[in-house]
Amino acid sequence: MAIIKFKQDNGKVILGTLTATITQTPRRVVVAQGSKGILEVYDDGSCPPSFSYSAWDSDADYATRGKAPIKSETFDFSKPPGGISGLAWEADEVARCIAAGKKESERWPLRETVRQMEVFDEIRRQGGITFPHEVEAVAV
């Protein structure tokens, strides 16, 4: 388990947690919880076959689950053409940017990649995982 603090511009701190399991069925790969609801993504996080969300009327109702959600819905998706998955969408975006002569994607700018890598670095730090110095020393 890893716990990450995301500091917001307004000074508020949001906690994020990461846990892993291989025995849960159906396999949830992402769970995002807000003050009034929850979003669950199943199976393959990069190309999920479905996701569900539930929303409650108030923070208190959500926190205690004393009342049923005011809305719950599951969205199912068909497999992408050609059975692609993984980083295929990202590779397509890179190809589009190169063809257009762009050095950066508007859909996923460098700042988002750097933020994502900082999250990964923190998870590795908490788990005691290190890479060789040559890899760790690379700077953007």
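Here is a short report on the structure shown in this document. (Residues numbered from 1 in each chain as written. Predicted model: local features only at pLDDT ≥ 70, side-chain atom pairs only at ≥ 80, totals over all residues. Heavy atoms only, no water.)

**Regarding the pattern of salt bridges**
By the definition in use, this model includes five salt bridges. Across the salt bridge formed by Glu 93 and Arg 96, the nearest N and O atoms sit 3.1 Å from each other. Taken as a pair, Glu 93 and Arg 96 lie in helix α2 (residues 88–99) at a separation of three residues, close to a single helical turn. On the basis of relative accessibility, which here comes to 14%, the residue Glu 93 falls in the buried class. Given a relative accessible area of 42%, Arg 96 falls into the partly exposed group. Residue Asp 121 pairs with Arg 124 through a salt bridge whose shortest N-O separation is 2.9 Å. Here Asp 121 and its partner Arg 124 are both found in helix α3 (residues 110–127), three residues apart, which amounts to about one turn of the helix. Residue Asp 121 is classed as partly exposed on the basis of its relative accessible area, which comes to 36%. What makes Arg 124 buried here is its relative accessible area of 13%. The network of salt bridges with common partners includes Glu 93, Arg 96 and Arg 107. (Salt bridge = Lys/Arg side-chain N within 4 Å of Asp/Glu carboxyl O. Helix = DSSP H or I, 4+ residues; strand = E, 2+ residues; numbered from the N terminus. Buried < 20%, exposed > 50% of the residue type's maximum accessible area, 1.4 Å probe, protein only.)

**Structural notes on the packing of aromatic side chains**
In the structure shown here, the tally under the stated rule is three aromatic pairs. Judged by centre distance (5.8 Å) and plane angle (25 degrees), the ring pair of Phe 51 and Phe 77 falls under stacked. One end of the pair, Phe 51, is in strand β5 (residues 50–55); the other, Phe 77, is in the loop between β6 (71–76) and α2, with 26 residues separating them in the sequence. For Phe 51, a relative accessible area of 23% corresponds to the partly exposed category. (Phe/Tyr/Trp six-rings, centres within 6.5 Å; stacked < 30°, edge-to-face > 60°.)

**What to know about the side chain of Ser 105**
Along the chain, Ser 105 falls in the loop between α2 and α3. Of the polar contacts made by the side chain of Ser 105, one reaches the backbone nitrogen of Arg 107; its length is 3.0 Å. Of the polar contacts made by the side chain of Ser 105, one reaches the backbone nitrogen of Trp 108; its length is 3.2 Å. Not counting chain neighbours up to four residues away, the residues in contact with Ser 105 comprise Glu 93 and Cys 97. (Polar contact = N/O pair within 3.5 Å; in protein donor to acceptor, adjacent residues only side chain to side chain. Contact = heavy atoms within 4.5 Å.)

**Quick look at α2**
Residues spaced three or four apart along an α-helix face the same direction, because each turn holds 3.6 residues. For α2, built from twelve residues, the straight-helix expectation of 16 Å at 1.5 Å per residue is met to within 8% by its first-to-last C-alpha distance of 16 Å. Buried within α2 we find Ala 88, Glu 93 and Cys 97. Positive phi shows up at Gly 101, right after α2, with a value of about 75 degrees. (Expected span 1.5 Å × (residues − 1).)

**Brief notes about a nonpolar patch on the surface**
Together, Met 1, Ile 3, Val 13 and Leu 15 line one region of the surface with nonpolar side chains, adding up to about 430 Å² of accessible area. On the basis of relative accessible area, Val 13 is assigned to the partly exposed category, the value being 41%. (Patch = residues over 30% accessible without salt bridge, like charges linked within 9 Å, V, L, I, M, F, W, Y side chains within 5 Å. Areas by Shrake-Rupley, 256 points an atom, 1.4 Å probe, with all protein chains shown as cover.)

**Here we look at α3**
With 18 residues, α3 extends 26 Å from end C-alpha to end C-alpha; this agrees with the ideal 26 Å at 1.5 Å per step. Note on α3: the residue one or two positions beyond its end, Gly 128, has a positive phi of about 75 degrees.

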